[in-house]
Amino acid sequence: MATDMQKLIGTSEEDDDEDVEMDVKEEDDEEDDGARRIRSSLMVGDDGGMVSSGSNNNRFEQHQVQEQVGTPGGGRRCRPLEEKERTKLRERHRRAITARILAGLRRHGNYNLRVRADINDVIAALATEAGWVVLPDGTTFPSRSQGIKHAGGGSTAVTSSSSHLASQQTPSTSIRGVSCGFRSVPEYNACRMKGVFLPNSPPYDASPNARCQSSSLMGDAGEQSAGHPLINSSVDAVDGMQIVDTTPKLPERDFAGSAYIPVYVMLPLGVINMKCELVDPDGLLKQLRLLKSANVDGVMVDCWWGIVEAHSPHEYNWNGYRRLFQMVHELKLKLQVVLSFHECGGNVGDDVCIPLPHWVAEIGRSNPDIFFTDREGRRNPECLSWGVDKERVLRGRTGLEVYFDYMRSFRVEFNDFFEDGVITTIGVGLGPCGELRFPSFPVKHGWRYPGIGEFQCYDQYLLKNLRKAAEARGHSFWARGPDNAGSYSSRPHETGFFCDGGDYDGYYGRFFLNWYSKVLVDHGDRVLYLAKLAFEGSRIVAKLSGIHWWYKTASHAAELTAGFYNPCNRDGYAAIMTMLKKHSASLNFTPAEFHMLHQREDFSNSLSDPEAVVWQVTNAAWDVNVEVVSENPLPFLDRVGYNKILDNAKPLADPDGRYLSSFIYHRLSPLLLERQNFMEFERFVKRMHGEAVHDLQV
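Residues numbered from 1 in each chain as written. Predicted model: local features only at pLDDT ≥ 70, side-chain atom pairs only at ≥ 80, totals over all residues. Heavy atoms only, no water.

1. Regarding unusual backbone geometry
Phase 1 of the analysis: With an omega of 5°, the peptide bond between Tyr 449 and Pro 450 qualifies as cis.
Phase 2 of the analysis: With an omega of -10°, the peptide bond between His 666 and Arg 667 qualifies as cis.
Phase 3 of the analysis: Its place among the elements puts Arg 667 in the loop between β16 (662-665) and α23 (675-688).
Phase 4 of the analysis: In this model, Asn 295 sits at a positive phi of 65°, which is unusual for a non-glycine residue.
Phase 5 of the analysis: Within the fold, Asn 295 resides in the loop between α10 (281-293) and β8 (298-304). (Helix = DSSP H or I, 4+ residues; strand = E, 2+ residues; numbered from the N terminus.)

Okay, here's the thing in structure tokens:
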């Protein structure tokens, strides 16, 4: 694999330039080829026979084609030179972007792409990873079935031509919802579940355009959006089209009069640039006004350590955030702020890169043990290892002191916003992606779903902690990590540690897993204690992720490597909830996209049970009276996703009537603000607030 990657990385820019020139030449000749094809089609019929020269219709068609492709004298009309030059420039620009995408996937995505890979290969790799089957001729279908069956009994084949794929990547106008520009697998599944647009004639046309125009579960809510004062229409009328529902409408619960759950919207990752300046304040102001018109309660924003304290210790730059907070305050919205001590980039939904502070990276080059380390010695610079919480390795400060100084600086800088009640909640980053877990499944190190991941305790500071624990137990030879726990993408049954009856449930395994999970809980305990000191009287939130794969096995291997000691015979979340309760902190639980998991083939092979994870974690929190906040891990725009969130926010069968304390929508984007998508979101906000909606499906 390493050799293949080296070959891929070795692709030169000269090759890309050659491809650019070839594509430009092909595009220049495109009109000539098109003219020849049209002329030949006049001479040859659809069935391969010669066209009769005595047909009036054919003579009329030939006359029309001559008007289109030639001059009255029979000569070909040439395109202007300026138009050709513009075409070449556009093609070079497109190819340059494609080359960067391919280079990034080769270097960081671990895709097994050939050296001369084109956009078709990239799309095929992405489709295969998402659980689809891509045949050599481009035919694509879900791996669970042999194609999408139409009413006529035929199978639809989706070709992977560059032009068609490019059209799928760009959002376009549609009727009653999102077009075929799906941003994620859940969006595609939602559109496929509801219905498709088919032309009136012929009734079973399976062209790409007919298949592509899918409904986004808007139902009849689209009609009520006409004349909205703040939203520009993005819906065009399509003549000769009819809607064919492929599934019946599911009944919806009536949440009128139910509990009021505040709704916040997460702002884009790049709203503040690396100079701590507010990006596009005018555009952001318009978007915030739209959110205000939908009666959302407020917004959430990340305050990145890598931006604020970027260059030198104790030098904090909050300028851009102050301007942002003032804008939110003027619109009478509330703020949830996340103090993010991890890097941004490389995760799902990340479209910007924000590394750790430069001075921290310099320390890491001379002392890489400040970062989490796996068994092979690979470092993960996504966040600091918890082994340095009490080690003075950061220019004379410990990790805890660095976190506390940052929190105290924020509290002093924005004291007026606390006093005015604008800032309602402080989220504290506790690990990778801001979540309280070990970075056990980094894609950059070769992890692929549903791999079990690897233990991340091999930096010198955590190993020293492990030696002390083993000596205190009286078994100094236990001061090591498991040597039979597999690799990042292993399955539990392929390892001696996680298989049924494996070492995870032996004397050493129980000792190691107890220690490993205790490191996680102790880190959260120490950081939240300091956060409570810095933000006394404010609501503090800690984030937890829902790791659902291999949940139906005895060992729960993926949870164990992440630090959650939760095998089938032990509750691994109770200790975490007790720690949160100790500091009066709330839980931000981010479940997997459980509302769409059953439609993906790869989940069925991972013994996953995401809804069971949601049930266990939320009930563990509610049992000790810890408030639960939730957010969606991936963006969605359809009613099915909103209804699933509502059902989990206000459980129907809970005898105690417990519900989420707030919900955070992930995340603000131009797609969300398109007319029909925004009206569906506005409807969701009303139902979260316990208001009645008039278009309820019953």
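2. Here we look at the packing of aromatic side chains
Phase 1 of the analysis: Taken as a whole and assessed by the stated rule, the structure comprises 48 aromatic pairs.
Phase 2 of the analysis: Between Phe 455 and Phe 512 the ring centres are 5.0 Å apart and the planes differ by 85°, which places this aromatic pair in the edge-to-face class. Of this pair, Phe 455 sits in the loop between β12 (423-428) and α16 (460-473) while Phe 512 sits in helix α17 (residues 507-534), placing them 57 residues apart in sequence. Like Phe 455, the residue Phe 512 is buried in the burial classification.
Phase 3 of the analysis: Centroid distance Phe 636 to Tyr 665: 6.0 Å. Interplanar angle 75°. Geometry classified as edge-to-face. In this pair, Phe 636 sits in the loop between β15 (628-631) and α22 (639-649) while Tyr 665 sits in strand β16, placing the two residues 29 residues apart along the sequence. Residues Phe 636 and Tyr 665 agree in their burial class; the two are buried.
Phase 4 of the analysis: The ring of Phe 418 carries the charged tip of Arg 411 above its face, separated from the ring centre by 4.3 Å. (Phe/Tyr/Trp six-rings, centres within 6.5 Å; stacked < 30°, edge-to-face > 60°. Buried < 20%, exposed > 50% of the residue type's maximum accessible area, 1.4 Å probe, protein only. Lys NZ or Arg CZ within 6 Å of the ring centre and 35° of its normal.)

3. Things to note about the confidence of the model for the protein chain
Phase 1 of the analysis: In this model, the protein chain carries an average pLDDT of 77, and 69% of its residues clear a pLDDT of 70 or more.
Phase 2 of the analysis: Confidence drops under pLDDT 50 across residues 1-76; counting only partners more than four residues distant or on other chains, this segment forms 65 contacts.
Phase 3 of the analysis: Within the model, the stretch residues 594-601 combines pLDDT values under 50 with 30 contacts to residues more than four positions away or in other chains. (pLDDT = per-residue confidence, 0-100. Contact = heavy atoms within 4.5 Å.)

4. A word on the packing of helix α14 (residues 399-413) against α17
Phase 1 of the analysis: Axis separation between α14 and α17 bottoms out at 9 Å; the angle between their running directions is 25°. Taken together, α14 and α17 sit at an angle that is classed as roughly parallel. Our pair here, α14 against α17, has a crossing hand that is right-handed. Residues Leu 400, Tyr 403, Phe 404, Met 407, Arg 408 and Arg 411 of α14 touch α17, and the partners they reach there are His 523, Arg 526, Val 527, Leu 530, Ala 531, Leu 533 and Ala 534.
Phase 2 of the analysis: When its residues are assigned to classes, the contact of α14 with α17 shows nine nonpolar, one polar and three charged. (Axes fitted to C-alpha atoms, helices over the stretch in contact; angles between N-to-C directions. Parallel < 35°, antiparallel > 145°, perpendicular 65-115°, else oblique. Left-handed = near helix turned anticlockwise from the far one by under 90°. Nonpolar A, V, L, I, M, F, W, Y, C, P; charged D, E, K, R; others polar.)

5. Focus: the sheet that holds strand β13 (residues 539-545)
Phase 1 of the analysis: The parallel closed barrel is built from eight strands, whose spatial order is β7-β8-β9-β12-β13-β14-β15-β16. Across the sheet, the mean angle from the axis of one strand to that of its neighbour is 30°, orientation sign disregarded.
Phase 2 of the analysis: The sheet contact formed by strand β7 (residues 263-266) and β16 spans three bridges and is parallel. Opposite Val 263, over in β16, you have Phe 663 as the bridge partner.
Phase 3 of the analysis: Relative to β8, helix α12 (residues 319-330) is tilted by about 175°, and along the sheet it contacts β8, β9 (334-340) and β12. (Pairing = 2+ DSSP bridges.)

6. Some points on the pattern of salt bridges
A pair can form between side chains of opposite charge whenever their charged atoms are brought close.
Phase 1 of the analysis: Across all of its chains, the model carries 30 salt bridges by this definition.
Phase 2 of the analysis: As a salt-bridge pair, Glu 91 and Arg 94 come within 2.4 Å of each other at their nearest N and O atoms. One end of the pair, Glu 91, and the other, Arg 94, are both in helix α5 (residues 81-109), three residues apart, so they sit about a helical turn from each other.
Phase 3 of the analysis: Classification of Glu 91 as buried rests on a relative accessible area of 9%.
Phase 4 of the analysis: Note on Arg 94: relative accessible area 36%, which makes it partly exposed.
Phase 5 of the analysis: Salt-bridge contacts for Arg 395 lead to Glu 362; the nearest nitrogen and oxygen are separated by 3.4 Å. Of this pair, Arg 395 sits in the loop between β11 (379-384) and α14 while Glu 362 sits in helix α13 (residues 358-366), and the two are 33 residues apart along the sequence.
Phase 6 of the analysis: Owing to a relative accessible area of 48%, Arg 395 belongs among the partly exposed residues under this scheme. (Salt bridge = Lys/Arg side-chain N within 4 Å of Asp/Glu carboxyl O.)

7. Focus: the UniProt feature "active site" (unreviewed entry) in the protein chain
Phase 1 of the analysis: Mapped onto this numbering, the UniProt entry gives "active site" (unreviewed entry) at Glu 435 and Glu 631. For the annotated residues, spread through 197 residues, the largest C-alpha to C-alpha distance comes to 12.7 Å, consistent with a single compact locus.
Phase 2 of the analysis: Relative to the assigned elements, Glu 435 resides in the loop between β12 and α16.
Phase 3 of the analysis: Not counting the four nearest positions on each side in its chain, Glu 435 is found in contact with Leu 430, Lys 543 and Ser 545.
Phase 4 of the analysis: Following the sequence through the fold, Glu 631 ends up in strand β15.
Phase 5 of the analysis: Here Glu 631 falls in the buried class, since its relative accessible area comes to 4%.
Phase 6 of the analysis: The contact partners of Glu 631, leaving out residues within four places of it in the chain, are Met 266, Lys 543, Asn 588, Phe 589, Thr 590, Pro 591, Phe 663, Ile 664 and His 666.
Phase 7 of the analysis: Reaching out from Glu 631, the side chain makes a polar contact with the side chain of Lys 543 at a distance of 3.2 Å. (UniProt positions renumbered as here; feature names shortened; annotations may be inferred. Polar contact = N/O pair within 3.5 Å; in protein donor to acceptor, adjacent residues only side chain to side chain.)

8. Here's the deal with the pairing of β12
Phase 1 of the analysis: Burial analysis of β12 places five of its six residues in the buried class, which makes it a mostly covered element.
Phase 2 of the analysis: As paired strands, β9 and β12 are joined by five bridges and run parallel to one another. The residue bridging Leu 335 from the neighbouring strand is Ile 423, located in β12.
Phase 3 of the analysis: Inspection of the sheet shows β12 paired to β13 by three bridges, in the parallel sense. Across the sheet, the residue bridging to Gly 427 is Val 541, located in β13.

9. Concerning α16
Phase 1 of the analysis: Here α16 contains 14 residues, and its C-alpha end-to-end distance of 20 Å stays within 8% of the 20 Å for a straight helix at 1.5 Å per residue.
Phase 2 of the analysis: Where the residues of α16 are buried, they touch β10 (371-373) and α17.
Phase 3 of the analysis: Its side-chain oxygen 3.1 Å from the backbone nitrogen of Tyr 461, Asp 459 forms the N-cap of α16. (Expected span 1.5 Å × (residues − 1).)

10. Description of the state of the cysteines
Think of a disulfide as a covalent bridge from one cysteine sulfur atom to another cysteine sulfur atom.
Phase 1 of the analysis: Taken as a whole, this structure holds zero disulfides when the rule is applied.
Phase 2 of the analysis: Here Cys 303 stays unpaired: no disulfide links it, and the sulfur of Cys 276, its closest cysteine neighbor, is 8.1 Å away. (Disulfide = S-S within 2.5 Å.)

11. Focus on the side chain of His 342
Phase 1 of the analysis: Residue placement: His 342 occurs in the loop between β9 and α13.
Phase 2 of the analysis: For His 342, a relative accessible area of 7% corresponds to the buried category.
Phase 3 of the analysis: For His 342, the side chain forms a polar contact with the main-chain nitrogen of Gly 434, separated by 3.3 Å.
Phase 4 of the analysis: With near-sequence residues (within four places) excluded, His 342 lies in contact with Trp 304, Leu 356, Glu 382, Cys 383, Gly 431, Pro 432, Cys 433 and Gly 434.

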